[in-house]
Structures are given as structure tokens and as C-alpha cells.
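Summary of the model geometry
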Amino acid sequence: MVKSLKKEECQLILNQNYIGHLAYIYQNKPFVVPITYFYSDHRIICYSGYGHKINAMRQHNNVAIEISEITSITNWKSVVAHGQYIELERSSAKALLHEFSLGVKDVIMRKELRDLDFINEFSAKVDSDEIPTIFVINIEELTGKLRHD
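In this report, the structure presented in the accompanying data block is examined. Source: prediction; values computed, not measured. (Residues numbered from 1 in each chain as written. Predicted model: local features only at pLDDT ≥ 70, side-chain atom pairs only at ≥ 80, totals over all residues. Heavy atoms only, no water.)

1. A look at the overall build of the protein
Rules: Helix and strand assignments follow DSSP, with helices taken as H or I runs no shorter than four residues and strands as E runs no shorter than two, numbered in order from the N terminus. The buried label goes to any residue with under 20% of its type's maximum accessible area, the exposed label to any with over 50%, and the partly exposed label to all in between, with areas taken from a 1.4 Å probe on protein chains only. It only takes one pair of heavy atoms within 4.5 Å for two residues to be counted as in contact. Accessible areas in this description were obtained via Shrake-Rupley with a 1.4 Å probe; residue shielding takes into account the shown protein chains only.
Scanning the protein from terminus to terminus reveals four helices and eight strands. Reading the protein from its N end, one meets helices and strands in the order β-α-β-β-β-β-α-β-β-α-α-β. Burial analysis of the protein (149 residues in total) assigns 37% to the buried set. In the protein, the share of contacts with a sequence separation of at least 24, taken over all contacts with a separation of at least 6, comes to 70%. Roughly 8,600 Å² of accessible area belongs to the protein as shown, and the carbon and sulfur atoms make up 52% of that amount.

This is the structure in C-alpha cells:
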């Protein structure tokens, strides 16, 4: 049986995970890539080195991210968040990168019961000259499905 998830159920799935599939348009073609994210305050926080996807999202800021929890063909949950790509500047970016690193570390500790030291890795990126591009996806629409037999 497949059913739609309520908004709160979708938000819970976003909170409990940190890897999703980012969808964007580049030269009139859809692209989907895996990305690490952190969900906070009804928005998705991400970072990336400059390249194809950043260039594409600067041109077309309508994006989506999909998160799945798949146990089997008959037992899964999936959430899609549609929204706007918004790139952050240095001081705002630095604060969000710190929030991202702490948040992802917390999700991994809760979900996988292991501790990782993300903070040093991200702090080094923030302090270097080659700061990654920090962006948020402001969620405009959130939908989800569940199948459970």
C-alpha cells in the first residue's frame, strides 16, 4: 500500500537523514547528483566546490532534493522538496557551514551510532582561500510517499 506522507512526516525524514539527490537544470537538461545536506528551519543547507552544478543553479535557481529510506521493494519512504537555490556570502556562509557540520555530525551519531570529526574538516575549508560555495534551498513545496506492506 502506497500512501502520501503528511508535512510533519516529511520533515522528520529530512531531519533523520543527511544524503539526498539534488535535481537541477543545465542547458535544458535535468541532472541529479548525490549531495550531503542538513535540514534546519524549513530549509536545506548544502555546500559544493565551484563547478557544473553551482554554475547551473546560478542560472536556474528552481531545484529539488529527494531523500529516500529504502528497506525493500515493498518498504520505503521518499520525500521531495522543491525550492529556490540561494547562495550565501562569506560571513553568512561561514556561520551556516558551521551549523551544517555540527548538524550532519549529530545526524550521523544518531543514525549510525558513530562519531566523526567533521568540524575540523569544514573549519579548514572556511579558513582557506578556496571556501566552498554554501547555499540553501528554501523549501516551497514538500511531498512524500510511503510504501509499507
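2. Quick notes on unusual backbone geometry
The phi dihedral of D41 is positive, around 55°, even though this residue is not glycine. With respect to the helices and strands, D41 occurs in the loop between β4 (38-40) and β5 (43-48). Backbone geometry at H42 places phi at a positive 60°, although glycine is not the residue there. Positionally, H42 belongs in the loop between β4 and β5.

3. Let's talk about the pattern of salt bridges
Side-chain pairs of opposite charge can arise where the charged atoms are in close proximity. What counts is decided by this rule: Each reported salt bridge corresponds to a side-chain nitrogen of Lys or Arg within 4 Å of a carboxyl oxygen of Asp or Glu.
The full count for this structure, using the stated rule, is three salt bridges. Linking E87 and R58 is a salt bridge whose minimum nitrogen-to-oxygen distance equals 2.7 Å. Taken together, the residues E87 in strand β7 (residues 75-87) and R58 in helix α2 (residues 52-59) connect sequence positions 29 residues apart. Here E87 falls in the partly exposed class, since its relative accessible area comes to 27%. The class for R58 is partly exposed, based on a relative accessible area of 44%. Note that R147 is salt-bridged to D149, the shortest N-O span being 3.5 Å.

4. Observations regarding the side chain of N17
What counts, and what does not: N or O atoms within 3.5 Å of each other form a polar contact, as long as, within protein, one can give a hydrogen and the other can take it, and as long as residues adjacent in sequence are counted only when both atoms are side-chain atoms.
For N17, the position within the fold is in the loop between α1 (7-15) and β2 (19-26). You can call N17 buried: its relative accessible area is 5%. Polar contacts involving the side chain of N17 include one to the main-chain carbonyl oxygen of I13, which spans 2.8 Å. Within the structure, N17 has its side chain in polar contact with the side chain of E69 (distance 2.7 Å).

5. Focus on α1
Put simply, the rule is: Summarising the geometry, the arc corresponds to the directions from the helix axis toward the C-beta atoms.
Buried residues of α1: C10, Q11, I13 and L14, and no others. Within α1, the buried residues cover an arc of 160° as seen down the axis, which keeps them to one side.

6. Focus on the packing of aromatic side chains
Inclusion rule: Ring pairs shown here join Phe, Tyr and Trp side chains whose ring centres sit within 6.5 Å, with only the six-membered ring taken for Trp; geometry is labelled stacked below 30 degrees between planes, edge-to-face above 60, and tilted in between.
Taken as a whole and assessed by the stated rule, the structure comprises four aromatic pairs. A ring pair is formed by Y24 and F31, whose centres lie 5.7 Å apart and whose planes are at 10°; its orientation type is stacked. With a centroid separation of 5.4 Å and 80° between ring planes, the pair formed by Y47 and F100 is classed as edge-to-face. Of this pair, Y47 sits in strand β5 while F100 sits in helix α3 (residues 90-112), placing them 53 residues apart in sequence.

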